[in-house]
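As a plain string of letters, each chain reads:
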Amino acid sequence: MAKNTGQGHRVGAVKSRSEFKRGTTWFKRDTGTGRILNGSPNQHKGVRNEK
């Protein structure tokens, strides 16, 4: 389980999440359902990248 430290980083990985980039936006996806959760111009912390 991932835990926020309050210091701008996260300890551990966020399970069942992945992210991918389209253009200049990073989209976070729930790997269980395949639904896109949100988009951000920056990468999400503790989330693995899709290839």
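Being a predicted model, the structure only gives us computed values, none of them experimental.

Caption draft 1: Local environment of the pattern of salt bridges. Under the defined criterion, the tally for this structure stands at two salt bridges. Note that arginine 17 and aspartate 30 form a salt bridge whose closest N and O atoms lie 3.7 Å from each other. Taken together, the positions of arginine 17 in strand E3 (residues 17-22) and aspartate 30 in strand E4 (residues 25-30) put the pair 13 residues apart, joining distant regions of the chain. Residue class for arginine 17 comes out partly exposed when judged on its relative accessible area of 24%. Aspartate 30 sits in the buried class, given a relative accessible area of 17%. Glutamate 50 is the partner of arginine 29 in a salt bridge, and the nearest nitrogen-oxygen pair spans 2.8 Å. Taken as a pair, arginine 29 in strand E4 and glutamate 50 in the segment after strand E6 (48-49) lie far apart in primary sequence, 21 residues in all. For arginine 29, a relative accessible area of 24% gives the class partly exposed. Taking the relative accessible area as the measure of exposure, glutamate 50 reaches 30% and is therefore partly exposed.

The rules we used
Residues numbered from 1 in each chain as written. Predicted model: local features only at pLDDT ≥ 70, side-chain atom pairs only at ≥ 80, totals over all residues. Heavy atoms only, no water. Salt bridge = Lys/Arg side-chain N within 4 Å of Asp/Glu carboxyl O. Helix = DSSP H or I, 4+ residues; strand = E, 2+ residues; numbered from the N terminus. Buried < 20%, exposed > 50% of the residue type's maximum accessible area, 1.4 Å probe, protein only.

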